[in-house]
Amino acid sequence: MIEKVIIVTGGAKGIGRKIVLHFLKMHWKCAIWESDTKAIRDMERELNDGNLFIVRCDVSDEQEVKRAVHLTIDLFGRIDVLINNAAISCNKPLSELKLAEWQHVINVNLTGSFLCSKYCEIHLRDSKGSIINICSTRAFQSESNTEAYSASKGGIFALTHALAISLGPDVRVNSISPGWIDRTSGQEKDQVEHEIFTEADHFQHPAGRVGTTDDISNLVWFLAQSENGFITAQNFTIDGGMTRKMIYV
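Just so it is clear, the structure is predicted and the values come from calculations on it, not from any experiment.

**Student:** Just to check I follow, could you spell out the packing of aromatic side chains for this structure?
**Tutor:** One pair of aromatic rings is described through two measures. These are the centre distance and the angle between the planes. Inspection of the entire model under this criterion finds six aromatic pairs. On the numbers, 6.3 Å between centres and 85 degrees between planes, the contact of Phe53 with Phe76 is edge-to-face. Of the two residues, Phe53 sits in strand S3 (residues 52-56) while Phe76 sits in helix H3 (residues 62-76), which places them 23 residues apart along the sequence. Three or more aromatic residues joined by ring pairs form one cluster here, namely Phe23, Trp28 and Trp221. Cation over ring: Lys118 sits above Tyr119, and NZ or CZ is 5.4 Å from the ring centre.

Right, dumping it as structure tokens:
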């Protein structure tokens, strides 16, 4: 039986962490590429699993991405699924947003996904694998002062279908756009302070609740399966129906 390998960028916290835990539970080998040193230490302290490999990696740095690919292949020998999840934000009024801050968000969120896809390509073609990009409903709707983050996620949406055409039929490429997700769900209690959600928060969603990281990891698992090989170039919005609800004040 082939032991499959998944890479999750930004996989030591939030949605990425839950994806890793899900795939470890299903006996996959998991490589986390993470830049947050504290999150790496917390993950290493929590888990002692021979199927887990953590690489310190800034996905916006081409040389670090090349190194992460090399180390992952050296240890696991293959790459079956790449999850481009690493992302940052810098939300402030447009007049206060510095060019360097804008560029940093674009570099991590969008260029990082490009670099990871580029240098994993040959291995994903060999395994007939899959790329899953974590996009956002912010690619399609916005709150004030989110220009950098929203633009980066809009780029992820377009990058997804472009990669799907370029890499097909060997590699499938899809994206997931989470809505309002409790990103602390599933974290260790000593690592985070859980956000308090009101009844109004939950019931503005047609599904009746704010989302959890499980909602995202469950879909990632589905899309990663080879039997779902006819699904590519698609974006899946997971938001409890919120972006379809008309709101009158």
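**Student:** Honestly, the sheet that holds strand S9 (residues 235-238) in this entry has me stumped. Any pointers?
**Tutor:** One key point about sheets: their strands pair by backbone hydrogen bonds, in either a parallel or an antiparallel sense. Taken together, seven strands build an open sheet; the order of strands is S3-S2-S1-S4-S5-S6-S9 and the sheet is parallel. A strand with exactly one partner marks an edge of an open sheet, and here the two such strands are S3 and S9. Strand-to-strand twist of the sheet, defined as the mean angle between neighbouring strand axes without regard to direction, takes the value 15 degrees. Relative to S3, strand S2 (residues 29-34) runs parallel, the two being bridged by five bridges. The residue bridging Glu34 from the neighbouring strand is Arg56, located in S3. On the sheet, helix H2 (residues 37-46) packs against S2 and S3 and is oriented at approximately 160 degrees with respect to S3.

What counts as what
- Residues numbered from 1 in each chain as written.
- Predicted model: local features only at pLDDT ≥ 70, side-chain atom pairs only at ≥ 80, totals over all residues.
- Heavy atoms only, no water.
- Phe/Tyr/Trp six-rings, centres within 6.5 Å; stacked < 30°, edge-to-face > 60°.
- Helix = DSSP H or I, 4+ residues; strand = E, 2+ residues; numbered from the N terminus.
- Lys NZ or Arg CZ within 6 Å of the ring centre and 35° of its normal.
- Pairing = 2+ DSSP bridges.
- Axes fitted to C-alpha atoms, helices over the stretch in contact; angles between N-to-C directions.
- Contact = heavy atoms within 4.5 Å.

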